[in-house]
Amino acid sequence: MMIRSLPVPPSDADLDAWTAVLAAAQSADLPQLPPPSRVEVAGRLSVAPARGRAALWVADEGVGVAGLLLFTDEANAHTAFLDVLAVRPEARRRGAGTALWQRVREELLAQDRTSVSTLVDLGGPGQAFAEYLGFENVLPMAWYVQEVPRQQPSPDPVPGHEFLTWHGLVPDDWAHAVAVAHGAMEDAPMGEVDEKIESWSSQRLHAAQQLILDRGGELTTVAAVTADGEVAAYTELVLPDPVGPRALQYDTVVVPAHRGHGLGLAVKRHMLASAAHRYPALRQIATTVADENTPMRRVNETLGYRRERGAAYFQLKLWR
């Protein structure tokens, strides 16, 4: 089995092959989802990640693909994230997945990584293969999806808070306040995942947001702010393909001192109203929530999210 490393950025032919593998695998495993967009695939493969180094491989000219994110920040130099390992359905159980994994593992050991994690859909071939390799479920979660109605009621105000909406980068005047609010994510459930949450600065916030834009996507942030300039809560919506039918709800954060006032629900309602108006092709918003994150699951249920499928972070400890 020939496994070939891809440069970053890959050629147009390699992009087409990669997209075709993902489309074939998803059609077999998750037929209810829209096919992967070439815009999104090209962005992820062609633009280097903000907090790490990507390594890409393809098997036998398009039978399968694998992508690895090697973190470069000091707190996570011991671990990595397996972004994708997919094989065409008709080529499975012929060694392509195992061969790709061997190249991934060789790279992990060469970079002195002691663990690797990946996000797996439960109940399908991805879970079976991960368990075969020795990965363990360390953070159960699920995908939830919400339909986007065309007509949105005006969100109710929350006394003492103003709601601001930013498309693209958060303005410089607010970047530090949003980065400070992001620190509230430190108490989000992480199970036994080795990856550590680093403190955020305005520079890191802008780097993460710029990556989304550089990859061809669009980003909207809605924040609830106080009169003294504090960001009490915020939420982010990402469209990997601006004309696609499905968006991703990224972080939703409520600062501990402001919890209990409905701000998580309020920023999401403002976001939904903004998205329905700005993106006429948008039909669904998807997000993941850890099973133990009961408060956020309740917020999402109130908004109309429904559970779509089970998922989990799986992790493998590496030994030479």
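Residues numbered from 1 in each chain as written. Predicted model: local features only at pLDDT ≥ 70, side-chain atom pairs only at ≥ 80, totals over all residues. Heavy atoms only, no water.

1. Details of the packing of aromatic side chains
In step 1: Considering all chains together, one arrives at four aromatic pairs under this definition.
In step 2: Judged by centre distance (6.0 Å) and plane angle (35 degrees), the rings of Trp166 and Trp174 are tilted. (Phe/Tyr/Trp six-rings, centres within 6.5 Å; stacked < 30°, edge-to-face > 60°.)

2. Some points on the packing of helix H7 (residues 263-278) against helix H8 (residues 294-303)
In step 1: Where H7 meets H8, the closest approach of the two axes is 10 Å, and the angle between their N-to-C directions is 40 degrees. By the angle class used here, H7 and H8 are oblique. Relative to H8, H7 is oriented so that their crossing is right-handed. Between H7 and H8, the residues in contact are Gly264, Leu265, Lys268 and Arg269 and Met296, Val299, Asn300, Thr302 and Leu303, respectively.
In step 2: Split by residue class, the contact of H7 with H8 holds four nonpolar, three polar and two charged. (Axes fitted to C-alpha atoms, helices over the stretch in contact; angles between N-to-C directions. Helix = DSSP H or I, 4+ residues; strand = E, 2+ residues; numbered from the N terminus. Parallel < 35°, antiparallel > 145°, perpendicular 65-115°, else oblique. Left-handed = near helix turned anticlockwise from the far one by under 90°. Contact = heavy atoms within 4.5 Å. Nonpolar A, V, L, I, M, F, W, Y, C, P; charged D, E, K, R; others polar.)

3. Remarks on the packing of helix H1 (residues 12-29) against helix H2 (residues 38-46)
In step 1: At a closest axis distance of 10 Å, the pairing of H1 and H2 adopts a crossing angle of 120 degrees. Here H1 lies oblique to H2, going by the angle between them. Crossing of H1 over H2 shows right-handed handedness. Contacts between H1 and H2 involve Asp12, Leu15, Asp16, Trp18, Thr19 and Leu22 from the former and Arg38, Val41, Ala42, Leu45 and Ser46 from the latter.

4. What about the nonpolar core?
In step 1: Phe163, Leu237, Leu263, Leu282 and Ile285 are the most contacted members of the largest nonpolar core, which has 29 residues in total.
In step 2: Of all the secondary-structure elements, those providing two or more residues to this core are strand E6 (136-147), strand E8 (218-225), strand E9 (231-239), strand E10 (246-254), H7, strand E11 (284-290) and H8.
In step 3: The biggest single contributor to this core is H7, with eight residues.
In step 4: Not counting the four nearest positions on each side in its chain, Phe163 is found in contact with Val158, Ala223, Ala224, Leu263, Ala266, Val267 and His270. (Core = buried A, V, L, I, M, F, W, Y, C linked by side-chain atoms within 4.5 Å. Buried < 20%, exposed > 50% of the residue type's maximum accessible area, 1.4 Å probe, protein only.)

5. Quick word on unusual backbone geometry
In step 1: Following Val8, the chain continues into Pro9 via a peptide bond in cis, with omega recorded as 5 degrees.
In step 2: One can find Pro9 in the loop between strand E1 (3-6) and H1.
In step 3: Of note, Arg93 is a non-glycine position whose phi angle comes to about 65 degrees, a positive value.
In step 4: Inspection of the secondary structure puts Arg93 in the loop between strand E4 (80-87) and helix H3 (96-110).
In step 5: Residue classification places Arg93 among the exposed residues on the basis of a relative accessible area of 84%.
In step 6: Its identity is not glycine, yet Asp112 carries a phi of approximately 60 degrees, on the positive side.
In step 7: Examined against the element boundaries, Asp112 turns out to sit in the loop between H3 and strand E5 (115-121).

6. Some points on the pattern of salt bridges
In step 1: Applying the stated rule across the entire model yields 16 salt bridges.
In step 2: A salt bridge links Arg38 to Asp16, with the shortest nitrogen-to-oxygen separation between them at 2.7 Å. Taken as a pair, Arg38 in helix H2 and Asp16 in helix H1 lie far apart in primary sequence, 22 residues in all.
In step 3: Taking the shortest distance from any N to any O, the salt bridge between Arg246 and Glu308 comes out at 2.8 Å. Of the two residues, Arg246 sits in strand E10 while Glu308 sits in strand E12 (residues 306-317), which places them 62 residues apart along the sequence.
In step 4: With a relative accessible area of 15%, Arg246 lands in the buried category. (Salt bridge = Lys/Arg side-chain N within 4 Å of Asp/Glu carboxyl O.)

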